[in-house]
Amino acid sequence: MITKNHPVSVRAADLKSALSGLGKLIPRTTSLAVLGCVKVEASGPQVLRLTATDLDFTLSVELPATVEKGLAPFLLPLSRLRELLTGLRSDEVVPFGPAIKAPPVDEFPEIPQVRTPGLTLPEPVVTSLLRAFACASQDSTRAVLRSACLDTSGTGDKAHRIVGTNGRALFSSNSMHLPLKQSVIIPDHPLWKWKPLADSRPWTLRLGKDKQRAEVFRMEGRAWSVTGRLLDGPYPNYRQVIPGAGQFNTTMTLSDVALEAVMRLLPRLPGKQLANRPVGLHCEKGRFGLLARAENDEPWILHPVDRCEMKGPDV
């Protein structure tokens with residue numbers, strides 16, 4: 001229902017889902033009031049766009065809504081939007097409008113506009129990108145490792161890779177062809193773990209420059225977009241630590257049943273509190289198992305899984 005004081009109304013479930021993502025950009029306390037706010041604007045006759053930024057990343061989410069014709073954009077504190085949801089069922093409607101104490105909308109940071117043609121990232125590329133982010137460093141002093149690299153430096157057909165590393169563990173998805181003219185480094189952010197974003201397919205990537213000529217990216221899904229700056233500088237030479245094909249002495253092939261058993265066993269293994277949660281692989285006489293221990297000074301304990309097809313010496 002639209003009224004003069006409440007020119008917008010949305011379903012509680014839709015608003016709650018959007019705020020779970022926008023909240024990843026807005027801390028509980030901020031030095032600037034405007035960074036604690038969500039920008040509210042109409043994106044169409046029955047579409048509402050909500051935007052939040054931490055100055056490095058910007059998330060915009062579109063959701064179905066009833067919007068007053070000619071609605072002027074306005075800001076609302078995230079805390080106020082959360083209050084409006086208190087006690088409501090998912091199917092109830094949330095009416096709201098501008099707040100007197102909110103900062104003026106023109107104080108909201110300008111978001112870089114990336115209007116270059118979009119590059120569609122298919123399912124394997126999106127999944128690999130998310131896995132690379134999961135292996136990225138969390139060390140604030142190593143900015144280039146807090147990222148995923150879309151590496152197009154390889155030569156030959158399907159020689160591109162998506163890479164993520166924290167300096168101790170390395171994820172490298174190979175045998176790919178990326179629709180890029182050059183390699184790019186996309187910074188990691190808790191936002192990439194937001195379920196509506198991580199579960200949506202496909203993604204569209206746009207690359208461009210902001211007014212300061214800095215390289216920026218815009219990643220888009222069906223009802224969301226993420227804008228940020230690409231990381232500058234060379235990515236570490238990860239290829240030097242990847243063994244060549246001739247350096248592997250043992251090969252094992254696991255059945256679907258064995259893989260399912262591994263997935264059931266992993267959460268139950270000891271050592272969850274250890275750095276990187278290390279797990280060993282044990283292959284002996286055609287049988288495969290996992291090694292784990294509760295403390296670094298304890299012996300490894302073997303947890304048998306299943307038989308496997310094995311070529312080469314026990315390892």
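Quick caveat, the model's predicted, so the values are computed rather than measured. Within every chain, residues take consecutive numbers counted from 1 along the sequence as written. For a predicted model such as this one, the threshold for reporting local features is a pLDDT of at least 70, and the threshold for listing and counting side-chain atom pairs is 80 or more; totals across whole chains, interfaces and linings nevertheless cover every residue. Side-chain calculation: all heavy atoms of the structure are included, whereas hydrogens and water are not.

## What about the overall build of the protein chain?
Phase 1 of the analysis: Helix and strand counts for the protein chain come out as five helices and 20 strands.
Phase 2 of the analysis: Taken along its principal axes, the extent of the C-alpha atoms in the protein chain is 75 × 45 × 35 Å.
Phase 3 of the analysis: Whether two residues are in contact is decided by their heavy atoms: any pair within 4.5 Å suffices. Across the protein chain, the fraction of contacts at a sequence separation of at least 24, relative to all contacts at a separation of at least 6, is 62%.
Phase 4 of the analysis: Every accessible area reported is derived by Shrake-Rupley at a probe size of 1.4 Å, with residue values counting cover from the shown protein chains alone. Accessible surface for the protein chain amounts to roughly 18300 Å². Of this, 52% is attributable to carbon and sulfur atoms. Per the convention used, a helix needs a DSSP run of H or I reaching at least four residues, while a strand needs a run of E reaching at least two, with both numbered from the N terminus.

## Remarks on unusual backbone geometry
Phase 1 of the analysis: For the bond from Arg201 to Pro202, the omega torsion is -10°, close enough to zero to count as cis.
Phase 2 of the analysis: As for its placement among the helices and strands, Pro202 is situated in the loop between helix 4 (195–198) and strand 13 (203–209).
Phase 3 of the analysis: Non-glycine residue Leu55 carries a positive phi angle of around 80°.
Phase 4 of the analysis: Mapped onto the elements of the fold, Leu55 is located in the loop between strand 3 (47–53) and strand 4 (57–64).
Phase 5 of the analysis: Even without being glycine, Arg213 reaches a positive phi, approximately 70°.

## Points about helix 5 (residues 256–265)
Phase 1 of the analysis: Exposed residues in this analysis have more than 50% of their type's maximum accessible area, buried residues have under 20%, and partly exposed residues fall in between, with area computed by a 1.4 Å probe over protein chains only. All of the buried residues in helix 5 are Ala258, Ala261, Val262 and Leu265. Buried residues of helix 5 fall within an arc of 105° about the axis and therefore sit on the same side. Relative to its buried face, helix 5 has exposed residues pointing more than 90 degrees away, namely Asp256, Met263 and Arg264.
Phase 2 of the analysis: Residues of helix 5 that are buried make contact with strand 18 (287–292) and strand 19 (301–307). Think of it as the arc spanned by the lines of direction from the helix axis to the C-beta atoms.

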